[in-house]
Amino acid sequence: MTATTYPQGATALLCIDPYNDFLAEGGKMWSALSEVATSVGLHDNLARIRATARGAGLPIFILPHHRHEATDFAGWAHLTPSQAAAHEYQLFAEGSWGGEWYDGFGPDEGDIIVKEHWGASSFANTDLDVQLRQRGITHVIFIGLIANTCVETSARQAAELGYHVTLVRDATAAMSAEAMHAAHEINGPTYAHAILTTAEVMAQLGTQDAA
């Protein structure tokens, strides 16, 4: 991969699913994610990269998963395994603590909250593509959860739509080291334009001039 630059005014940070159920102790998925999340310093890296992006003037987009209700999927013919499991556990349940933003990682003033996605892609049946294009965004940096599901699917579709895609190795997590390896060492190099660490992205955002 060639050296990456991030054009001022055309780059955005995209944060997927910053919910309590993923990020907080006591969240429904935290026990499954905690080992990998802790090993990569997930919370610190999310905070650092968000602060750097904000300081660099990048718009921050929040890409939330659908918040489940008991009547969801009634009559649906083809739920994915992930949708069925999320529905069974009422992941990010509407009105629940688990479906609230994790403290410090939800939207701040000026951030753009995209319509909730029902599957793994933050583009499918949402306004993400039009929100990005209307703001002149060409380069997207993905952070959040989960590396090999919603992050990968959303980032793949971004590449298919013609965006320059960056994955951040240690600003995401998965339920196993093997899943992280697949996301960044096997699958990521087939579509992502850059696969960097938080420190590498921060250095680029902090030192480069508008390109």
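Further up the page is the structure itself.
Not measured: the values here are computed from a predicted model.

(A) Looking closely at the overall build of the protein. Counting its secondary structure elements, the protein contains 8 helices and 6 strands. Taking the principal axes of the C-alpha coordinates as reference, the protein spans close to 50 × 35 × 35 Å. Evaluated residue by residue, the protein yields a buried proportion of 51% over its 211 residues. Summing over all exposed atoms, the protein offers an accessible surface of approximately 9600 Å²; the carbon and sulfur share of this is 52%. In the protein, 10 positive and 24 negative side-chain charges are present, and the distance between their average locations comes to 5 Å.

(B) Representation of the nonpolar core in the model. Phe 22, Ile 143 and Leu 145 are the most contacted members of the largest nonpolar core, which has 39 residues in total. Contact partners of Leu 145, with chain neighbours within four places excluded, come to Ile 16, Asp 17, Phe 22, Leu 23, Leu 33, Leu 42, Cys 150, Val 151, Thr 172 and Ala 173. Core analysis: the next-biggest nonpolar cluster, separate from the first, contains 23 residues, Phe 61, Val 140, Ala 158 and Ile 195 among them.

(C) A look at helix α6 (residues 147-160). With 14 residues, α6 extends 18 Å between its outermost C-alpha atoms, agreeing within 8% with the 20 Å of an ideal straight helix rising 1.5 Å per residue. Buried residues of α6: Ala 147, Cys 150, Val 151, Glu 152, Ser 154, Ala 155 and Ala 158, and no others. A positive phi of about 100 degrees marks Gly 162, the residue just after α6.

(D) Local environment of the sheet that holds strand β4 (residues 139-145). With parallel pairing, 6 strands are arranged side by side in an open sheet as β3-β2-β1-β4-β5-β6. The sheet terminates laterally at β3 (112-113) and β6 (194-196), the two strands that pair on one side only. Note: strand β5 (residues 164-173) against β6, 3 bridges, orientation parallel. Counted as the bridge partner of Thr 166 is Ala 194 from β6. Strands in contact with α6 are β1 (11-16), β4 and β5; relative to β4, the strand with the most contacts, it is inclined by about 165 degrees. Its contacts with the sheet put helix α7 (residues 177-187) on β5 and β6, and the angle it makes with β5 is roughly 155 degrees.

(E) Inspection of the pattern of salt bridges at higher detail. Tallying each qualifying case throughout the model produces 7 salt bridges. Here Arg 156 and Glu 152 are joined by a salt bridge, their closest N and O atoms 3.2 Å apart. Note that Arg 156 and Glu 152 are positioned in helix α6 at a spacing of 4 residues, about one turn of the helix. Under the relative-accessibility criterion, Arg 156 is labelled partly exposed at 31%. Salt bridges sharing partners connect three or more residues here, namely Arg 50, Arg 54, Asp 108 and Asp 111.

(F) Just the packing of α6 against α7, in detail. Two elements in contact, α6 and α7, have axes whose closest approach is 9 Å; the angle formed by their N-to-C orientations is 25 degrees. Our classification of the angle between α6 and α7 gives roughly parallel. The segment α6 lies against α7, with Ala 147, Asn 148, Glu 152 and Arg 156 engaging Ala 179, Met 180, Ala 183, His 184 and Asn 187. Looking at the contact of α6 with α7 residue by residue, the classes come out as 4 nonpolar, 3 polar and 2 charged.

(G) Quick peek at the packing of aromatic side chains. For the structure on display, the rule yields 8 aromatic pairs. An angle of 80 degrees between the planes, with centres 4.6 Å apart, marks the rings of Phe 73 and Trp 76 as edge-to-face. In this structure, Arg 67 packs its charged tip against the face of Trp 101, placed 5.0 Å from the ring centre.

Reading the values: rules and limits
Residues numbered from 1 in each chain as written. Predicted model: local features only at pLDDT ≥ 70, side-chain atom pairs only at ≥ 80, totals over all residues. Heavy atoms only, no water. Helix = DSSP H or I, 4+ residues; strand = E, 2+ residues; numbered from the N terminus. Buried < 20%, exposed > 50% of the residue type's maximum accessible area, 1.4 Å probe, protein only. Areas by Shrake-Rupley, 256 points an atom, 1.4 Å probe, with all protein chains shown as cover. Lys, Arg positive; Asp, Glu negative; His and termini not counted. Charge placed at Lys NZ, Arg CZ, Asp CG, Glu CD. Core = buried A, V, L, I, M, F, W, Y, C linked by side-chain atoms within 4.5 Å. Contact = heavy atoms within 4.5 Å. Expected span 1.5 Å × (residues − 1). Pairing = 2+ DSSP bridges. Axes fitted to C-alpha atoms, helices over the stretch in contact; angles between N-to-C directions. Salt bridge = Lys/Arg side-chain N within 4 Å of Asp/Glu carboxyl O. Parallel < 35°, antiparallel > 145°, perpendicular 65-115°, else oblique. Nonpolar A, V, L, I, M, F, W, Y, C, P; charged D, E, K, R; others polar. Phe/Tyr/Trp six-rings, centres within 6.5 Å; stacked < 30°, edge-to-face > 60°. Lys NZ or Arg CZ within 6 Å of the ring centre and 35° of its normal.

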